[in-house]
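Architecture at a glance
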Amino acid sequence: MAFTWNPTGAPHASSRTDDIWFFNEDHGWAGNSNGQALYTADGGNTWAIMHVFPARTYLRCVAFSSPTHGWIGALSGPYRLYRTTDGGTTWTPIINLPSTPNAICGLWVVSDTIVYASGTNYPDRPPAAIKSTDGGSTWTHFDMRPYASLLVDIYFRDELHGWVVGGSGGPTRPKVKPVVLYTEDGGQTWADQLAGQIDFPYGEWGWKIQFLQDGTGFVSLENFDEGAILKSVDGGISWTRLPVNDAQRNANLEGIGFIDSNHGWVGGWGDRQFQGGYSSETSNAGNTWRNANHVGKFINRFRFVGDPVRVGYASGDTVYKYAESKQPALIQPLRLAGPPRVVVNEHAEVVTKSLGVLLDVPKGTQHLSVNLWDRFGAHVATLVDESAPISG
């Protein structure tokens, strides 16, 4: 039976559901720009809001080492990283992090005790990687300014061997070119595996990294005007740049996911205006691409379960599922009764003059908060923050 992509029952975040993590076909987590940690136990048919993090929290990444031990990273809010040891019932802020990176963009969990994180995706802020060997109680800091000006995603094969992707050449994005940094000593030393290999265009950087079990590696390249990926067939030692050449000219890519060395997808913002939300598909190892907008919109992360793949998930404007077409029908998304709810526009607009934000404040609302983030998740302003607001 054929596999197809379909939306799950996850809610639509005001900006995006940036990351997902699945233990198996049915049990998984998601974190979104509304500061909500979501959990499903039935393959995405229904989702429970397990925790709402403090105001202004934009969740970027989530990873678990076991059903009980997990971590969530944030771009903004009072804390950058949280952990749970009771399966997500409670989340504790980690308050003793090094000062950089000041936003957690990438997260990789090797075990209950060994955790890596990376950031930040802002070329005018110091990039860094951090490591804990005791589950997050203490941290080792790696200053990555000698190698990069921005860092996003991180992946480790084991405790010692890992990669982090981003860009170098800042302090502005038009000056940046991609880097794929590799360590084989747990982060003590790093080498750029792209150095001298490829003549990259300016204004391009690495975003997400994925490895298959056979060692084939992929990196999505974010570039406002072009679509491209990196591919490695030698376990991440060398990389080839492959343009994404579908008819819609998909660009501004972020999410990337392959189920084998030939068949995969990319998604993201779609264009310089961050409005298209296109997805693209290849079945010949990235040599040619076709439009695949049925996959989902504004994809930032793909996750797959099984080898061969039994099921897949992608997170973007909501959470999507890749499964045999016999999957159950979609139920209505969550509707909150009591906890915070989103009241801003579902789709982004590019404006050159004043923009009014229309709010509907229900009777009995206990607290109203209106926050503004830019497209890279940086908190810009709190427009409203008041208790017992007037309804209407």
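Above this text is the structure in question.
Remember, predicted model here, so these are calculated numbers, not experimental data.

For the chain, the count of helices and strands is zero helices and 30 strands. Its C-alpha atoms give the chain a radius of gyration of 20 Å, within 12% of the compact-globule value 21 Å for 392 residues. The buried share among the 392 residues of the chain stands at 53%. In the chain, 49% of the contacts between residues at least 6 apart in sequence involve partners at least 24 apart. Total accessible area on the chain is roughly 16,400 Å²; 51% of this is exposed by carbon and sulfur atoms. Once the 29 positive and 37 negative side-chain charges of the chain are each reduced to a mean point, those two points are 5 Å apart.

Moving on to unusual backbone geometry. Trans is the prevailing form of peptide bonds, just as negative phi is the prevailing case for residues other than glycine. Of the consecutive residues Gly 119 and Thr 120, the connecting peptide bond is found in the cis state with omega at 10°. Along the chain, the position of Thr 120 falls in the loop between strand S11 (115-119) and strand S12 (128-132). Geometrically, the link from Gly 170 to Pro 171 is a cis peptide bond, its omega value of 15° lying close to zero. Tracing the chain through its elements places Pro 171 in the loop between strand S15 (162-168) and strand S16 (177-183). With a phi angle near 60°, Arg 249 is a residue other than glycine that sits in the positive phi range. In this structure, Ala 285 takes a positive phi of about 70° despite not being glycine.

On to the packing of aromatic side chains. Within the structure shown, the criterion is met by 32 aromatic pairs. A ring pair is formed by Trp 5 and Phe 302, whose centres lie 5.8 Å apart and whose planes are at 75°; its orientation type is edge-to-face. Of this pair, Trp 5 sits in strand S1 (residues 3-7) while Phe 302 sits in strand S26 (residues 301-305), and the two are 297 residues apart along the sequence. On the basis of relative accessible area, Trp 5 is assigned to the buried category, the value being 5%. Note on Phe 302: relative accessible area 6%, which makes it buried. Arranged with centres 6.0 Å apart and planes meeting at 85°, the rings of Phe 64 and Trp 91 form a pair that is edge-to-face. Of this pair, Phe 64 sits in strand S6 (residues 58-64) while Trp 91 sits in the loop between strand S8 (81-84) and strand S9 (92-93), placing them 27 residues apart in sequence. Each member of the pair, Phe 64 together with Trp 91, is buried.

One open sheet accounts for four strands, arranged S1-S28-S27-S26; its pairing is antiparallel. Whereas interior strands pair on both sides, the edge strands pair on one side only; in this sheet they are S1 and S26. Across the sheet, the mean angle from the axis of one strand to that of its neighbour is 20°, orientation sign disregarded. Note: S26 against strand S27 (residues 311-315), five bridges, orientation antiparallel. Paired with Arg 303 across the two strands is Tyr 313, which belongs to S27.

Together, Leu 372, Val 380 and Leu 383 give the surface a local cluster of nonpolar side chains, amounting to about 270 Å² of exposed area. As for its placement among the helices and strands, Val 380 is situated in strand S30 (residues 379-387).

What follows is about the environment of Arg 272. Checked against the element boundaries, Arg 272 lands in the loop between strand S23 (264-270) and strand S24 (279-282). According to the relative accessible area criterion, Arg 272 is partly exposed, its value standing at 43%. C-alpha of Arg 272 to C-alpha of Thr 8: the two residues are 264 residues apart in sequence and 28 Å apart in space. For Arg 272, the contacting residues outside a window of four places in its chain are Phe 224, Asp 225 and Asn 252.

With respect to the element layout, Thr 100 can be found in the loop between S9 and strand S10 (106-109). When its relative accessible area of 18% is taken as the criterion, Thr 100 is described as buried. At 2.8 Å, the side chain of Thr 100 and the side chain of His 141 are in polar contact. For Thr 100, the residues in contact, after removing those within four places along its chain, are Arg 80, Pro 126, Ala 128, Ile 130 and His 141.

Right, let's get into the pattern of salt bridges. Per the stated rule, a full pass over the model turns up 13 salt bridges. The closest approach of N and O atoms between Arg 16 and Asp 18, which form a salt bridge, is 2.7 Å. Across the pair, exposure class does not vary: Arg 16 and Asp 18 are buried alike. Here Asp 225 makes a salt bridge to Arg 272, at a shortest N to O gap of 2.7 Å. Note that Asp 225 is positioned in the loop between strand S19 (217-223) and strand S20 (228-232) and Arg 272 in the loop between S23 and S24, a separation of 47 residues in sequence. The structure contains a network of salt bridges with shared partners spanning Arg 16, Asp 18, Arg 60 and Glu 254.

What counts and how
- Residues numbered from 1 in each chain as written.
- Predicted model: local features only at pLDDT ≥ 70, side-chain atom pairs only at ≥ 80, totals over all residues.
- Heavy atoms only, no water.
- Helix = DSSP H or I, 4+ residues; strand = E, 2+ residues; numbered from the N terminus.
- Rg over C-alpha atoms; globule rule 2.2 N^0.38 Å.
- Buried < 20%, exposed > 50% of the residue type's maximum accessible area, 1.4 Å probe, protein only.
- Contact = heavy atoms within 4.5 Å.
- Areas by Shrake-Rupley, 256 points an atom, 1.4 Å probe, with all protein chains shown as cover.
- Lys, Arg positive; Asp, Glu negative; His and termini not counted.
- Charge placed at Lys NZ, Arg CZ, Asp CG, Glu CD.
- Phe/Tyr/Trp six-rings, centres within 6.5 Å; stacked < 30°, edge-to-face > 60°.
- Pairing = 2+ DSSP bridges.
- Axes fitted to C-alpha atoms, helices over the stretch in contact; angles between N-to-C directions.
- Patch = residues over 30% accessible without salt bridge, like charges linked within 9 Å, V, L, I, M, F, W, Y side chains within 5 Å.
- Salt bridge = Lys/Arg side-chain N within 4 Å of Asp/Glu carboxyl O.
- Polar contact = N/O pair within 3.5 Å; in protein donor to acceptor, adjacent residues only side chain to side chain.

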